[in-house]
Amino acid sequence: MEDCLAKKMEITVSEAEKRTGRNAMNIQETYTAYLIETRAVESQSEGQCAPVDSLWRRYSEFELLRNYLSVTYPHIVVPPLPEKRADFVWHKLSADNMDPDFVERRRIGLENFLLRVASHPVLCQDKIFYAFLTQEGGWKEMVNETGFQLKADSRLKALNATFRVKNPDKRFTELKHYSDELQSVISHLLRVRARVADRLYGVYKVHGNYGRVFSEWSAIEKEMGDGLQSAGHHMDVYAASIDDILEEEEHYADQLKEYLFYAEALRAVCRKHELMQYDLEMAAQDLASKKQQCEELATGTVRTFSLKGMTSKLFGQETPEQREAKIKVLEEQIQEGEEQLKSKNLEGRDFVKSAWADIERFKEQKNHDLKEALISYAVMQISMCKKGIQVWTNAKECFSKM
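What this report covers is the structure whose coordinates are included nearby. Throughout, a residue's number is its position along its own chain's written sequence, starting from 1. Local features in this predicted model are restricted to residues whose pLDDT is 70 or higher, and side-chain atom pairs enter the listing and the counts only when it is 80 or higher, whereas totals over whole chains, interfaces and linings include all residues. Computation of side-chain values: all heavy atoms of the structure, hydrogens and water removed.

**Quick notes on the overall build of the chain**
Alright, step 1. Counting from the N terminus, the helices are DSSP H or I runs at least four residues long and the strands are E runs at least two residues long. For the chain, the helix and strand inventory stands at 13 helices and 3 strands.
Alright, step 2. Relative to its 402 residues, the chain shows a buried fraction of 39%.
Alright, step 3. When contacts within the chain are restricted to residue pairs at least 6 apart in sequence, those whose partners lie at least 24 apart make up 75%.
Alright, step 4. Within the structure as shown, the chain displays about 23800 Å² of accessible surface, and the carbon and sulfur contribution to it stands at 53%. The rule is simple: take the accessible area with a 1.4 Å probe, protein chains only, and divide by the maximum for that residue type; under 20% is buried, over 50% is exposed, in between is partly exposed. Any two residues having at least one pair of non-hydrogen atoms within 4.5 Å are treated as being in contact. Each accessible area is a Shrake-Rupley estimate made with a 1.4 Å probe; only the visible protein chains count as cover when residues are assessed.

**A few points about the nonpolar core**
Alright, step 1. By convention a nonpolar core is built from buried Ala, Val, Leu, Ile, Met, Phe, Trp, Tyr and Cys residues, the set being connected through side-chain atoms within 4.5 Å. With 34 residues, the main nonpolar core has L114 and L133 as its most contacted residues.
Alright, step 2. Within the residue set of this core, elements represented by two or more residues are β1 (9-22), β2 (28-40), α3 (59-72), α4 (100-119), α5 (127-134) and α6 (139-145).
Alright, step 3. Leave out the neighbours within four places in its chain, and L114 touches I11, V13, I36, F62, F129, F132 and L133.

**Focus: the sheet that holds β1**
Alright, step 1. What makes two strands pair is DSSP finding at least two bridges between them. Pairing within the open sheet is antiparallel, and its 3 strands lie in the order β1-β2-β3. Pairing within the sheet leaves two strands with one partner each, and these edge strands are β1 and β3 (53-58). Adjacent strand axes in the sheet meet at a mean angle of 25° when their direction is disregarded.
Alright, step 2. Bridge count between β2 and β3: 6 bridges; the pairing is antiparallel. Paired with A33 across the two strands is R58, which belongs to β3.
Alright, step 3. To define axes, lines are fitted to C-alpha atoms, for helices over the stretch in contact only, and angles between the resulting N-to-C directions are given on a 0 to 180 degree scale. Those strands touched by α3 are β2 and β3, and its axis lies near 90° from that of β3.
Alright, step 4. Against the sheet, α4 makes contact with β1 and β2, and its axis sits at roughly 135° relative to β1, the strand it touches most.

**Remarks on the pattern of salt bridges**
Alright, step 1. Salt bridge criterion: a side-chain nitrogen from Lys or Arg within 4 Å of a carboxyl oxygen from Asp or Glu. Applying the stated criterion to the full structure yields 25 salt bridges.
Alright, step 2. K290 is the salt-bridge partner of D286, the closest N and O atoms lying 3.1 Å from each other. Taken as a pair, D286 and K290 lie in helix α11 (residues 242-299) at a separation of 4 residues, close to a single helical turn.
Alright, step 3. We classify D286 as partly exposed; its relative accessible area is 38%.
Alright, step 4. Between R361 and D358 there is a salt bridge, with its nearest N and O atoms 3.0 Å apart. With R361 and D358 both in helix α13 (residues 320-400) and 3 residues apart, this pair spans about one turn of that helix.

**Section: the packing of α11 against α13**
Alright, step 1. In contact at an axis separation of 8 Å, α11 and α13 are set at 165° when each is read in the N-to-C sense. The angle between α11 and α13 places the two elements in the roughly antiparallel class. Note on packing geometry: the crossing formed by α11 with α13 is left-handed.
Alright, step 2. Any residue that is not Ala, Val, Leu, Ile, Met, Phe, Trp, Tyr, Cys, Pro, Asp, Glu, Lys or Arg is counted as polar, Gly included; the first ten are nonpolar and the last four charged. Considering only residue class, the contact of α11 with α13 consists of 30 nonpolar, 10 polar and 15 charged. Any angle that falls under 35 degrees is termed roughly parallel, while one over 145 is termed roughly antiparallel, one within 65 to 115 roughly perpendicular, and all others oblique. Each crossing gets its handedness from the near helix: less than a right angle anticlockwise from the far helix is left-handed, clockwise is right-handed.

**A few points about the side chain of S187**
Alright, step 1. Along the chain, the position of S187 falls in helix α9 (residues 170-218).
Alright, step 2. We classify S187 as buried; its relative accessible area is 11%.
Alright, step 3. As used in this structure description, the phrase polar contact means that two N or O atoms lie within 3.5 Å; if the pair is within protein, one of them must be able to donate a hydrogen and the other to accept it, and residues adjacent in sequence are counted only when both atoms belong to side chains. At 2.8 Å, the side chain of S187 and the backbone oxygen of Q183 are in polar contact.

**Here we look at the packing of α3 against α5**
Two measures define how a pair of helices packs: the angle their axes make with one another and the distance between the axes.
Alright, step 1. The N-to-C vectors of α3 and α5 enclose an angle of 165°; their axes lie 10 Å apart at closest approach. Between α3 and α5, the interaxial angle falls into the category roughly antiparallel. The interaxial crossing formed by α3 with α5 has left-handed handedness. Mapping the contact onto sequence places E61, F62, L65 and Y68 in α3 and I128, F129 and F132 in α5.
Alright, step 2. When its residues are assigned to classes, the contact of α3 with α5 shows 6 nonpolar, no polar and 1 charged.

**A look at α3**
Alright, step 1. The span one expects for a helix is its residue count, reduced by one, times 1.5 Å. The terminal C-alpha atoms of α3 lie 20 Å apart, and with 14 residues this matches the ideal 20 Å at 1.5 Å per residue to within 8%.
Alright, step 2. Buried residues of α3: Y59, E61, F62, L64, L65, R66, Y68 and L69, and no others.

**Some points on the packing of aromatic side chains**
Alright, step 1. Each Phe, Tyr or Trp ring, with Trp reduced to its six-membered ring, pairs with another whose centre is within 6.5 Å; inter-plane angles below 30 degrees give stacked pairs, above 60 give edge-to-face pairs, and intermediate values give tilted ones. This structure, assessed with the given rule, holds 13 aromatic pairs.
Alright, step 2. Ring centres 5.6 Å apart and planes at 70° place the aromatic pair F214 and F399 in the edge-to-face group. On the criterion of sequence distance, the pair formed by F214 in helix α9 and F399 in helix α13 is long-range, its members being 185 residues apart.
Alright, step 3. Counting every residue linked through ring pairs, the aromatic cluster contains F62, F113, F132 and W139.
Alright, step 4. Geometry around F132 places R57 over its ring, the cationic atom sitting 4.8 Å from the centre.
Alright, step 5. Geometrically, a lysine NZ or arginine CZ counts as sitting over a ring once it is within 6 Å of the ring centre and also within 35 degrees of the ring normal. The ring of W356 carries the charged tip of R171 above its face, separated from the ring centre by 5.0 Å.

**Thoughts on the side chain of R66**
Alright, step 1. Position of R66 among the secondary structure elements: in helix α3.
Alright, step 2. In terms of polar contacts, R66 uses its side chain to reach the backbone carbonyl oxygen of P79, at 2.7 Å.
Alright, step 3. Residues contacting R66, with those up to four places away along its chain left out, are V78, P79, P80, L81, F113 and A265.

**Brief notes about helix α10 (residues 225-240)**
Alright, step 1. Along its 16 residues, α10 runs 23 Å from first to last C-alpha, staying within 8% of the 22 Å computed at 1.5 Å per residue.
Alright, step 2. Taken as a whole, α10 has its buried residues at G225, G227, L228, A231, G232, M235, Y238 and A239. The buried residues of α10 occupy an angular sector of 160° when projected down its axis, which confines them to one face. The directions from the helix axis to the C-beta atoms form the arc being described.

Given below as structure tokens:
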């Protein structure tokens, strides 16, 4: 971790700017661009002020970077991007992806994504990632030249692997189930939080009615008027504070959402392992079939019904020369298949070893982050309750002085 990029470079997404331009289809569109600023850490430690490098990136470029990392490093739980459009929000909050509050939260999420990648022991060393931070022009062309899209597995192949793998790795199967359950639990938690926020918003705003009533009442009372007016003021301040409170709370929700999306990153690693296992089993099956064909040709016996066997019975047997030629071809294919199978076995073992090391790293990170997020959320709720107690304590004092 000492060599990770995050130790050598300060990375921030400092601004978000609304822009208008034409897309690849030459259609006018409005989008948000984000300013990435980087600064070398080494020169700062020597007492020098390092210059800041900056460039603008669109959200779609962040998506391209993450897709590249996911395909290039299939054994790694690649950090997720923040949501493209707001979800699991309390109803008073805008779900518009151009809403300034949402754009600000997404800016923070994109910065967190870059810091996650820069802190990862493997991803931080990737040249494409470094170029994303430092090279504005020609970056997309550089990514496309890697040919990573050609390495991406098709959905149909992934679906086949899911249903046709005969000997799945129990650890990856359990991890897949865990990621499903994690996503389900966090989704439910976010829905509950949104409902609680709606009710809390209502409770706070209703206190504004107390303020209005106490203010109106104070106008007709001489001795009690000042006390009622003061109590009403406390209620008005309390009612107005809920907007900022729930906006702050939304940041804690975003921390939970990150792990909602991390669940899909976990499943992606599991799917890649399924695909490798599927390829391995298909190669082993193909090799066994060729060995059987070779044995049948050498001994002149057919173990199972085949179209070739039926054809030879109808139209006569092959000559010894033809049979020898076929055996020779099969022997070459068998040798090639054995080498291929050996290579796939080795690749599979390396994948499992690397993937499991990264999964353990992820689990440690997850436990720490979710613990901190939930503690912060609890502390915030306690603070809100204390604020409510203080408001009514102040109101009590106002009433006592009447």
